[in-house]
Amino acid sequence: MPTVTAVADFVELTLREDLGTLLGRWLRQVSPAEVQQGYEATLRVAAPQKVRYWLLDLRRRGTISEDSTQWVLSTFLPRLTPLLGGRVYLAFLMSPAHLSNVDQENGAPLVSNADCHVRLFSDEGQATDWLARRRAHESNA
């Protein structure tokens, strides 16, 4: 049974323990402080079960400031692997206007290193399939 957590009025988190996946849906545009609050809340939900597969729906959140993006990439993401116990996979769900047609089909790589793999998608089904393939690959490795 999914566990749903609301973070203020701007993000809803659904933990699917059966799938080992955390779904975060941003519900509106947010301030820089809310960006950090939302990501920290996501980590608090993921950490107890060490959930390393995240689908984050950013379509209603819209774009964030360059400083907030830098915080996510350089401060937040590097903390995940030690806290969650392995490489973390994040599928960001974006508006189709933010991605090319090729990127919409395959997921645009944003970050890929030993600690974190982030791809941008415009289709939730494709994002979910990518996370499932990553889980299957890791369980067979």
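As annotated in an unreviewed UniProt entry, the protein is STAS/SEC14 domain-containing protein from Hymenobacter cellulosivorans.

Novice: How should I be thinking about the overall build of the protein in this particular structure?
Specialist: Of the regular secondary structure elements, the protein holds four helices and seven strands. N-terminal to C-terminal, the α/β element order of the protein is β-β-β-α-β-α-β-α-β-β-α. The buried share of the protein, reckoned over its 141 residues, is 44%. A sequence separation of at least 24 residues applies to 63% of the contacts in the protein between residues at least 6 apart. When the accessible area of the protein is evaluated, it comes to approximately 7,200 Å², of which 50% is carbon and sulfur surface.

Novice: In this structure, what is going on with the pattern of salt bridges? I would like to understand it.
Specialist: Note on pairing: side chains with opposite charge can pair once their charged atoms come close. Here the structure, examined in full by the defined rule, presents nine salt bridges. Here Arg28 and Glu34 are joined by a salt bridge, their closest N and O atoms 2.8 Å apart. Exposure remark for Arg28: the relative accessible area of 27% places this residue in the partly exposed category. A salt bridge links Arg59 to Asp57, with the shortest nitrogen-to-oxygen separation between them at 2.7 Å. When its relative accessible area of 37% is taken as the criterion, Arg59 is described as partly exposed.

Novice: Is there a simple way to explain the packing of aromatic side chains in this structure?
Specialist: In this description, an aromatic ring pair is defined by two values, namely the gap between the centres and the angle between the planes. Across all of its chains, the model carries nine aromatic pairs by this definition. Pairing Tyr53 with Tyr89 gives two aromatic rings, centres 5.3 Å apart and planes at 5 degrees, and the pair type is stacked. Taken together, the residues span a long stretch of sequence, with Tyr53 in strand S4 (residues 53-57) and Tyr89 in strand S5 (residues 88-93) at a distance of 36 residues. Each residue in the set Phe10, Trp26, Tyr39, Trp54, Trp71 and Phe76 is aromatic and connected to the rest through ring pairs, giving one cluster. We note Arg61 situated over the ring of Trp26; from NZ or CZ to the ring centre the distance is 5.3 Å. One residue, Arg135, lies across the ring of Tyr53, its end atom 5.5 Å from the ring centre.

Parameters and conventions
- Within any chain, residue numbers begin from 1 and follow the written order of that chain's sequence.
- Residues qualify for local features only when their pLDDT is at least 70, as the model is predicted, and side-chain atom pairs are given and counted only at 80 or more; totals for whole chains, interfaces and linings, by contrast, use all residues.
- Side-chain numbers come from the whole structure's heavy atoms, not from hydrogens or water.
- Numbering of helices and strands runs from the N terminus, with a helix taken as a DSSP run of H or I at least four residues long and a strand as a DSSP run of E at least two residues long.
- Throughout this description, buried means an accessible area under 20% of the type-specific maximum (1.4 Å probe, protein chains only), exposed means over 50%, and partly exposed covers the range between.
- Here, residues are in contact when the closest pair of their heavy atoms is within 4.5 Å.
- Under the convention used here, a 1.4 Å probe and the Shrake-Rupley method define accessible areas, while residue burial counts only the protein chains that appear.
- One side-chain nitrogen of Lys or Arg within 4 Å of one carboxyl oxygen of Asp or Glu is enough to make a salt bridge.
- The pairing test for Phe, Tyr and Trp rings, Trp by its six-membered ring, is centres within 6.5 Å, and the orientation test on the planes gives stacked under 30 degrees, edge-to-face over 60, and tilted for anything in between.
- Ring-over charges, as used throughout, are those where CZ of Arg or NZ of Lys falls within 6 Å of the ring centre and within 35 degrees of the ring normal.

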